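Residue-level structural notes
Here is how the chains run, residue by residue.
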Protein chains: 2
Amino acid sequence: MESGNARDITDLRPFFEPRGVVIVGARRSPGFGYVLPLALQRQGWGDRLYLVNPAGGELHGLPLYESVADVPGNPDLAVVIVPAEAVPRTLDELGKRGIGHVVIESAGFTEVGEEGRARQELCREAAARFGMRVIGPNCVGVINTANRFSTVELMEEALVPGGVGVIAQSGVFGNILLDDLHQRGVFISKAVTLGNRMDVDECEVLDYLHHDPETRLIMIYLEGAADGRRFLKTLRRVNADKPVLILKSGRTGKGREATASHTGSMSGEDDLYEAAFRQAGAVRARSLDELVDLARVFSTQPLPAGNRLGVATSSGSLGALATDAAVEAGLRLPPLDEDTTRRMRAIAPRWMNVRNPLDVGPSGAYLPAMQALMEDPGIDMVLSIVVMPFAVFREFMVRGVSVKDFMGSAASLREIAPGKPLVVCSIGDKGFVDDLDHALGLGIPVLHSPERAARTLAALHAYRAAREREAARGD
Amino acid sequence: MESGNARDITDLRPFFEPRGVVIVGARRSPGFGYVLPLALQRQGWGDRLYLVNPAGGELHGLPLYESVADVPGNPDLAVVIVPAEAVPRTLDELGKRGIGHVVIESAGFTEVGEEGRARQELCREAAARFGMRVIGPNCVGVINTANRFSTVELMEEALVPGGVGVIAQSGVFGNILLDDLHQRGVFISKAVTLGNRMDVDECEVLDYLHHDPETRLIMIYLEGAADGRRFLKTLRRVNADKPVLILKSGRTGKGREATASHTGSMSGEDDLYEAAFRQAGAVRARSLDELVDLARVFSTQPLPAGNRLGVATSSGSLGALATDAAVEAGLRLPPLDEDTTRRMRAIAPRWMNVRNPLDVGPSGAYLPAMQALMEDPGIDMVLSIVVMPFAVFREFMVRGVSVKDFMGSAASLREIAPGKPLVVCSIGDKGFVDDLDHALGLGIPVLHSPERAARTLAALHAYRAAREREAARGD
């Protein structure tokens with residue numbers, strides 16, 4: 001494992017672990033300037049908050065300092081939410097006040113053309129003068145779930161600590177992604193929205209997250225690298241240790257034009273990125289849905305020893321759809337081991353075809369099938385498609401039987417074979433799917449697309465294979 | 001429009017509009033035999049139900065006839081839920097009782113190998129002897145939402161009448177799909193699960209739905225055609241009038257093996273199907289999620305005049321992802337009309353780039369942007385990505401402002417340009433997304449993937465283009 005740049009890493013720490021935070025642009029009228037101080041108070045940061053607004057007075061029970069110079073104490077981070085025109089001057093004031101780290105949330109810079117570009121250059125000069133580090137502008141900043149520090153207001157559940165580091169280039173998208181992830185069982189360690197990347201870029205953040213003990217994998221939405229060569233090098237280094245999942249837009253010319261006009265980034269030819277991702281062994285998502293499903297699975301499942309998939313399903317059709325997707329993504333479905341076959345035959349109804357995929361039909365033998373596959377020595381990973389018609393689910397409910405009663409022990413399947421990834425797919429009646437999700441707990445992902453479930457397992461295998469190639473090369 | 005086979009169509013009617021229904025295998029113990037009579041009573045069929053069980057007695061307040069021969073009245077349809085062994089004899093009894101239409105839900109026929117195959121042949125012979133029409137075996141039968149007749153228990157909401165005809169080859173999958181569709185805004189006219197296709201096959205049902213006034217489009221999950229040549233011919237004829245959306249498994253050898261073992265169907269080489277679908281101009285879905293999204297859009301939106309897409313978005317990144325997917329699927333994003341540009345400039349904040357895709361950012365100008373695109377003469381279809389960070393949504397809620405207050409009138413956008421499809425995409429905080437979905441109503445689909453949203457619009461255009469080619473050929 002190659003070590004990152006130690007200076008850079010220490011350098012970014014105050015963004016995630018500030019001693020105190022100045023909010024320039026706190027205000028009593030609706031907007032981020034109103035809600036952000038309130039959110040930080042709720043998250044336990046009230047005693048380390050310094051609000052600045054020339055009008056003075058109070059907000060949420062805290063004093064509003066009329067200028068940055070009036071701020072007492074020893075804060076090391078500022079969040080800037082003032083109009084674009086006022087940002088260069090604000091940076092100057094922050095520099096004079098000795099604040100070394102700034103998140104600029106304001107928009108109106110390179111992404112809006114010539115005038116904005118000039119304004120961003122003024123900001124860059126001001127920051128350089130004082131040696132300040134800047135995230136943004138045109139972003140929503142950072143999140144650290146461990147200490148509940150966030151420069152963006154999120155739902156309580158979004159602050160539940162997890163192992164996924166998030167890098168998003170754009171602010172709105174980053175915010176939407178963070179609103180979405182916890183709803184889909186993905187919990188984050190730290191997140192950064194980069195915005196226009198006036199200073200801090202994806203490479204520095206990748207290195208920071210690489211060395212962050214809370215972060216086990218990194219997901220990144222990218223429109224274009226700030227520096228292609230450096231990005232590839234960083235990606236390769238980081239991905240050799242922690243999986244990097246990438247969603248990149250700008251595959252088409254029109255898509256590239258679209259990105260250029262909103263974060264001012266040039267995305268370049270997609271072929272080059274595709275080659276770079278492949279070379280680094282990073283995992284590229286085909287779609288936003290796939291990115292989130294990949295994060296769900298990579299953050300909870302081990303890497304498989306090989307590409308041999310076992311499928312158990314209560315719907316033959318869904319099993320066939322998953323099988324197609326798995327085979328197309330490079331997985332194999334080997335025949336079941338003799339012992340597995342014998343065990344399943346002993347409990348299976350006559351009509352059940354004991355093979356791989358293993359169609360348990362309406363037998364209800366979900367658990368024995370999953371267990372048999374988890375224990376089969378010829379299987380490296382397991383996909384279990386658990387569906388139940390509403391009519392059957394309803395009858396269980398009427399009789400007071402819950403999903404937990406017959407699937408609750410599934411959570412322990414994870415322990416049978418610690419090295420085998422296990423992914424469950426369920427669709428149909430929402431009541432059943434939600435109960436199932438709850439019964440299986442956070443350790444077993446329940447995805448809602450048979451095709452994506454199969455592809456995430458294939459991605460685990462592809463990632464491991466790429467990492468081994470990389471390790472062999474490095475030896 | 002070529003007329004279908006009139007005999008066939010009349011012939012299937014009792015499956016959907018029975019005079020009376022015999023349930024052979026009604027019973028007091030848990031299972032379909034218990035819940036189906038109850039569900040049919042709830043749906044208003046209690047006075048036309050005849051339950052058969054050799055034990056006699058009562059169930060749900062209805063008499064249990066000891067044999068089919070004892071059933072009074074004039075029923076013309078039977079649903080058979082007895083064990084496989086008893087099915088041939090039951091068919092014989094039904095034939096003698098003069099019942100011409102039978103749904104066999106029981107499993108244990110060709111899908112379980114030699115013994116089952118022999119049993120299915122006995123059934124075929126019995127049906128042929130009496131000229132009976134049979135759906136199944138190994139299925140969950142039919143649904144007709146117009147008269148609330150269903151041989152499978154579904155949630156109340158699944159019986160809300162809509163324009164989508166559903167054909168699913170397998171019973172469990174069909175049932176799961178029907179449990180799922182209403183939750184995603186897809187409402188059905190009629191549905192058939194074919195099972196082992198001992199008699200009625202997908203071609204006959206396609207023809208029936210083709211002539212069914214309630215059905216505006218057809219979605220079909222297929223593992224293999226009963227007769228490839230006839231299927232292509234039927235598909236072509238039906239698809240020229242009503243869109244046929246197809247999800248087919250068996251793209252890979254392993255996937256084909258999987259289907260062979262559960263509905264006993266041979267799916268054949270996928271290339272042949274792909275060519276057939278293309279020749280017929282039918283719409284092939286890449287995944288189950290895409291099938292459902294396609295159904296949602298095709299059932300509510302008109303066909304576009306051309307391939308010119310206008311995108312409005314409150315997240316530049318999501319706009320870029322959608323743009324990539326749209327361009328890859330054959331759509332164009334032309335520059336905006338001069339008038340549209342002028343109108344947007346007049347209301348847009350300075351920082352807004354007035355172009356296509358139109359990134360309205362956090363301006364909140366969702367509605368004016370959608371309206372401008374709907375009215376732009378150079379745009380054939382509109383995709384609007386409406387996302388709102390939780391922090392902003394929460395502030396609205398705190399202030400008593402609902403999504404309906406600022407998006408409620410969006411429903412009327414559908415009327416501005418009756419010939420232009422309009423699709424909305426939203427992700428992020430579930431509270432916002434659900435409120436948006438509700439505010440827009442059923443006429444404007446809210447999808448949850450920018451890529452699939454773009455591809456469904458491309459599919460509308462591709463379908464129209466294929467239909468026009470077909471019409472030109474037919475002239």
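Residues numbered from 1 in each chain as written. Chains lettered and ligands numbered in written order. Predicted model: local features only at pLDDT ≥ 70, side-chain atom pairs only at ≥ 80, totals over all residues.

This brings us to the overall build of chain A. The number of helices and strands found in chain A is 18 helices and 19 strands. C-alpha extents for chain A along the principal axes are approximately 80 × 55 × 40 Å. Here chain A holds 475 residues, and 58% of them are scored as buried. (Helix = DSSP H or I, 4+ residues; strand = E, 2+ residues; numbered from the N terminus. Buried ≥ 20, exposed ≤ 12 C-beta atoms within 10 Å, placed from the backbone.)

For the rest of this paragraph, the subject is the relation of the copies chain A and chain B. After a rotation of 180° and a shift along the axis of 0.0 Å, chain A superposes on chain B with an RMSD of 0.0 Å. Viewed as a symmetry operation, the transformation between the two copies matches a two-fold axis. For chain A, the minimum C-alpha distance to the rotation axis belongs to A:D289 and amounts to 5.3 Å. The overlap is high: 100% of the interface residues of chain A also sit at the interface in chain B, so the same surface is used on both sides. (Least-squares fit on C-alpha atoms with pLDDT ≥ 70 in both. Contact = placed C-beta atoms within 7 Å.)

With that out of the way, let us pick up the domain arrangement of chain A. Residues and elements named next belong to chain A. Each assigned domain of chain A is listed here: domain 1 (6-135), domain 2 (142-298) and domain 3 (309-467). Centre-to-centre, using C-alpha coordinates, domain 2 lies 30 Å away from domain 3. Contact with domain 2, which involves twelve residues of that partner, is made by twelve residues of domain 3. Considering each element in turn, the side of domain 2 that touches domain 3 owes the most residues, seven residues, to helix α10 (residues 288-298). (Domains from an automatic or database assignment.)

Let's shift gears to the interface of chain A and chain B. Each side of the interface is counted separately: chain A has 68 residues, and chain B has 68 residues. Listing elements by their share of the side of chain A that touches chain B, those giving two or more residues are α2 (32-45), α5 (171-181), α8 (253-263), α10, α11 (316-328), α14 (390-398) and α18 (450-474) of chain A. Partitioned by chemical class, the residues of the side of chain A that touches chain B number 28 nonpolar, 24 polar and 16 charged. (Nonpolar A, V, L, I, M, F, W, Y, C, P; charged D, E, K, R; others polar.)

All right, on to the pairing of strand β11 (residues 188-193) of chain B then. All names here are of chain B. Extensive coverage of β11 is indicated by the burial of six of its six residues. Here three bridges tie strand β8 (residues 142-144) to β11, and the two strands are oriented antiparallel to one another. Bridge pairing in β11 places V142 opposite V192. Both strand β10 (residues 164-168) and β11 contribute to a ladder of four bridges, which runs parallel. Following the sheet pairing, V164 is matched in β11 by I188. Taken together, β10, helix α5 (residues 171-181) and β11 constitute a β-α-β crossover, and its handedness is right-handed. (Pairing = 2+ DSSP bridges. Right-handed = clockwise from strand over helix to strand, strands pointing away.)

Bringing the packing of helix α12 (residues 338-347) of chain B against helix α13 (residues 366-375) of chain B into the picture now. In helix packing, the relevant descriptors are the interaxial angle and the interaxial distance, both defined with respect to the helix axes. Residue and element names in this part refer to chain B. Direction vectors running N to C along α12 and α13 enclose 170°, while the axes themselves pass 10 Å from each other. Between α12 and α13, the angle falls in the class roughly antiparallel. Taking contact as the criterion, the partners of T340, R343, M344 and I347 in α12 are, on α13, P368, A369 and A372. A class-by-class count of the residues in the contact of α12 with α13 yields five nonpolar, one polar and one charged. (Axes fitted to C-alpha atoms, helices over the stretch in contact; angles between N-to-C directions. Parallel < 35°, antiparallel > 145°, perpendicular 65-115°, else oblique.)

Residue and element names in this part refer to chain A. The geometry of helix α6 (residues 202-210) relative to helix α7 (residues 228-239) is characterised by a closest axis approach of 9 Å and an angle of 10° between their N-to-C directions. Here α7 runs roughly parallel to α6, going by the angle between their axes. Where α6 abuts α7, its residues E202, C203, L206, D207 and H210 lie against R230, F231, T234, L235 and V238.

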